[in-house]
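What follows is the residue order along each chain.
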Amino acid sequence: MTTETKQVTAAVSMESDASLRQDAKLDEKSSFVVVAFILSGSAWLLLGSLLGAVASFKMHWPDWLGDASWLTFGRIRPLHLNWMAYGWASQVGVGVSLWVLSRVLKAAIPARPWIFVGLLVWNLALLVGGVEILMGRSRGLEWLEMPLYAIVPIVFAIALAGEAAISMLYARKVKHLYISAWYLIAAFVSFPLLGVVSSLPIFEGTVQASMNWWYAHNALGLWFTPMGLAFAYFFIPKVTGRPIYSYPLSALGFWSLLLFYNWNGFHHLIGGPVPTWFVTISIAASVMMLIPVITVAVNHHMTIIGSFEAVKYSPTLRFVVFGAMSYTFVSVQGSFQALRTFNETIHFTHYVVAHAHAGVYAFFTMMLFGAVYYIMPRVTNWEWHSPKLIKLHFWLSASGIVIYLVGLQWGGIIQGMEMNNPDIPFMTVVNNTKKWLFSRSFAAILLTAGHFVFAYNLFRLMHVRKVRPAPPVTWLDIQRQRALQPKPEPVTLGKRIASAVERVGNSFKRWANDVKIDER
């Protein structure tokens, strides 16, 4: 190694050490707020999971818990949706987003006490809104069932976190904006806009239905999706130690997502009392979504290619890669199901329910799990106690959502074809659908079990602290260490044959000795 090479290596090492110390200071400052959002969202995850399981069981036994009006399917199911969307997904999403922004912008999270107060108000709003839904005072709009006096405080709390995100943008210590920051800032700007517009008292009739699907689809497309993609763009290079494959592709994916996604929701109104051109624009935009989807898929795949072995060892990468693959699947699926010919079959079927879970769970929730497994040891300075339980959580969640999607989507297509056949009575269609609903309930059991394993992992991390986290090591570092280790001498075919003959000879000698001993 030349003197110049040694100097460069030393300089890189010093720069890396300084960056690690800076990241550790940022993690220390953000610890309380980030942990609060993750723990709070995880509590809503458990409550929402139980509600979802009960709602699924009631598809088989509708009279179960039917004596209490507040435990009927029409109240439990929308509460499950709201607590999972605004409790689990949004709260943990905000916590992870603030942490990622702090890392990529090299700026501390500002106004942390006010953000925590916003979280408390947010939780109170979820509790009040949940009680209102159980009491039968729902607004009757999907994703907007809670009353306005519960929705508005949630929008305010997210706007408060968004203001902190924009403040970090202005106070950043870096000149270059990494693509994750683009997506996260867009998400924090988009959701308050969606919340304010959907809360205006100017919608009624078919216009209100159009607004409802504009909001519901964009809550997934311009709130959860940008956050999920930002996490993928951050954690895949972070764990593998490799830069993102193509920055121009990431920019193309970002701008095309913003351009096309906000038009998508109206394809849910195919066949409804709305102008044909209105729905046609939405269908065209849905098909054009193939541009950002394929762009992101290529970028993620080319970034991780050559490092797929890391998925077996990294809990974060395991969840994040599953989520990234699910994003491609659900988005391509969404583009095709927007077409009128396909939509005529799957509309009003369980297929659409499964599609929604593919987006919110298979894509976004799996991203959140991977992010939490990466972040918590860094903000608490304690390591996860059981890699086996993390692996168990992954397989429960992954197998559960796959069973859910396969059962309901296959059954939904059959259900739609039978409903479009005038010769098949409606009750026959209902009875034929029952068997597919068992996959939903079985999946609910697996998913809920996985969530309790996740909660137990969090509990152990926070209360049974034993192991400090090791210094961060990327998969590229591991590969380099392996390359430096002496490689074993290759075994030729002749050596293998000689070794086999020797083993046979030794076995024969032992057998001969045993025979002599028996004769004596």
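Above: the structure in question.
An account of the accompanying structure is given in this report. (Residues numbered from 1 in each chain as written. Predicted model: local features only at pLDDT ≥ 70, side-chain atom pairs only at ≥ 80, totals over all residues. Heavy atoms only, no water.)

## Concerning the overall build of the protein
Our working rule: Numbering of helices and strands starts at the N terminus; helices are DSSP runs of H or I of at least 4 residues and strands are runs of E of at least 2. Burial classes: relative accessible area under 20% of the type maximum marks a residue as buried, over 50% as exposed, and values in between as partly exposed (1.4 Å probe, protein chains only). Residues count as neighbours in contact if any of their non-hydrogen atoms are within 4.5 Å of one another. The Shrake-Rupley method, run with a 1.4 Å probe, gives the accessible areas here. Residue values count only the displayed protein chains as cover.
A count of helical and extended segments in the protein gives 17 helices and zero strands. Among the 520 residues that make up the protein, the fraction classed as buried is 51%. Of the contacts formed within the protein by residues at least 6 apart in sequence, a portion of 83% connects residues at least 24 apart. Roughly 25,000 Å² of accessible area belongs to the protein as shown, and the carbon and sulfur atoms make up 68% of that amount.

## Section: the packing of helix α13 (residues 350-380) against helix α14 (residues 387-419)
For the record, the criterion: Lines are fitted to the C-alpha atoms to define the axes, a helix being fitted only along its stretch in contact, and any angle between axes, read from their N-to-C directions, falls within 0 to 180 degrees. Note on terminology: angles under 35 degrees are roughly parallel, angles over 145 are roughly antiparallel, angles of 65 to 115 are roughly perpendicular, and the others are oblique. The handedness criterion is simple: a crossing whose near helix is rotated anticlockwise from the far helix by less than a right angle is left-handed, and one whose near helix is rotated clockwise is right-handed. In this classification, the charged set is Asp, Glu, Lys and Arg, the nonpolar set is Ala, Val, Leu, Ile, Met, Phe, Trp, Tyr, Cys and Pro, and all remaining amino acids, among them Gly, are polar.
At a closest axis distance of 8 Å, the pairing of α13 and α14 adopts a crossing angle of 165°. It follows from the interaxial angle that α13 and α14 lie roughly antiparallel. In terms of crossing hand, the pair formed by α13 and α14 is left-handed. Tallied by class, residues from the contact of α13 with α14 come to 17 nonpolar, eight polar and no charged.

## Some words on the packing of aromatic side chains
Which entries qualify depends on this criterion: Between rings of Phe, Tyr and Trp, where Trp is taken as its six-membered ring, a pair exists when centres lie within 6.5 Å; planes separated by under 30 degrees are stacked, by over 60 edge-to-face, and by other angles tilted. Both a distance and an angle decide whether a charge sits over a ring: NZ of Lys or CZ of Arg must be within 6 Å of the ring centre and within 35 degrees of the ring normal.
Within the structure shown, the criterion is met by 38 aromatic pairs. Consider the rings of W99 and F234, whose centres lie 5.7 Å apart with planes at 85°: the pair is edge-to-face. Linking W99 in helix α2 (residues 73-105) with F234 in helix α6 (residues 205-240), this pair joins segments that are 135 residues apart in sequence. Taken together, the ring pairs in this structure connect W88, F319, F322, Y361, F369, Y373, W384, F394, W395 and F454 into an aromatic cluster. The ring centre of F394 lies 6.0 Å from the NZ or CZ of R318, which sits over that ring. Between the NZ or CZ atom of R378 and the centre of the ring of Y374, over which it lies, the distance is 3.7 Å.

## Thoughts on the pattern of salt bridges
Opposite charge on two side chains permits them to pair, given that their charged atoms come into close proximity. Convention followed: Counted as salt bridges are all cases of a side-chain nitrogen of Lys or Arg within 4 Å of a carboxyl oxygen of Asp or Glu.
Counted under the stated rule, the structure contains five salt bridges. R103 is the partner of D27 in a salt bridge, and the nearest nitrogen-oxygen pair spans 2.8 Å. Taken together, the residues span a long stretch of sequence, with D27 in helix α1 (residues 3-57) and R103 in helix α2 at a distance of 76 residues. Comparing D27 with R103 shows no difference in burial state: the two are buried. The partner of R137 in a salt bridge is E132, and the shortest N-O contact between them spans 3.1 Å. When salt bridges that share partners are traced, they join D23, D27, R103 and K106 into one network.

## Let's talk about empty space enclosed by the protein
Which entries qualify depends on this criterion: Think of a 1 Å grid over the protein atoms and nothing else: a 1.4 Å probe that fits but is trapped marks a cavity, an open set flanked by protein within 12 Å on at least five of seven lines marks a pocket, and residues with an atom within 4 Å of a point count as lining. Grid points are joined across faces, edges and corners, and a volume is the space filled by probe spheres set on the points.
Here the structure, examined in full by the defined rule, presents one cavity of 30 Å³ or more. Roughly 200 Å³ of volume is contained in the largest cavity. Lining the largest cavity are 17 residues; nearest its centre among them are H217, Y261, V330, S331 and H355. Among the secondary structure elements, those contributing two or more residues to the lining of the largest cavity are α6, α11 (315-337) and α13. The element best represented in the lining of the largest cavity is α11, accounting for five residues.

## Quick word on the layout of surface pockets
Estimates place the volume of the second largest pocket at around 910 Å³. In terms of lining residues, the second largest pocket is bounded by 36 residues, among which R77, L81, V353, A356 and H357 are the most central. Those elements giving two or more residues to the lining of the second largest pocket turn out to be α1, α2, α6, α13 and α15 (426-463). The element that contributes the greatest number of residues to the lining of the second largest pocket is α13, accounting for eight residues.

## So, α6
For clarity, the cut-off: For a helix, the expected span equals 1.5 Å multiplied by the residue count minus one. Two axes are fitted around each residue, one to the seven residues ending there and one to the seven starting there, and the angle between them is reported as the bend at that residue.
With 36 residues, α6 extends 51 Å between its outermost C-alpha atoms, agreeing within 8% with the 52 Å of an ideal straight helix rising 1.5 Å per residue. A maximum bend of about 40° is found in α6 at N218. Of all 36 residues in α6, 29 are buried, a share of seventy percent or more. Count one or two residues on from α6 and you reach G241, which has phi positive near 75°.

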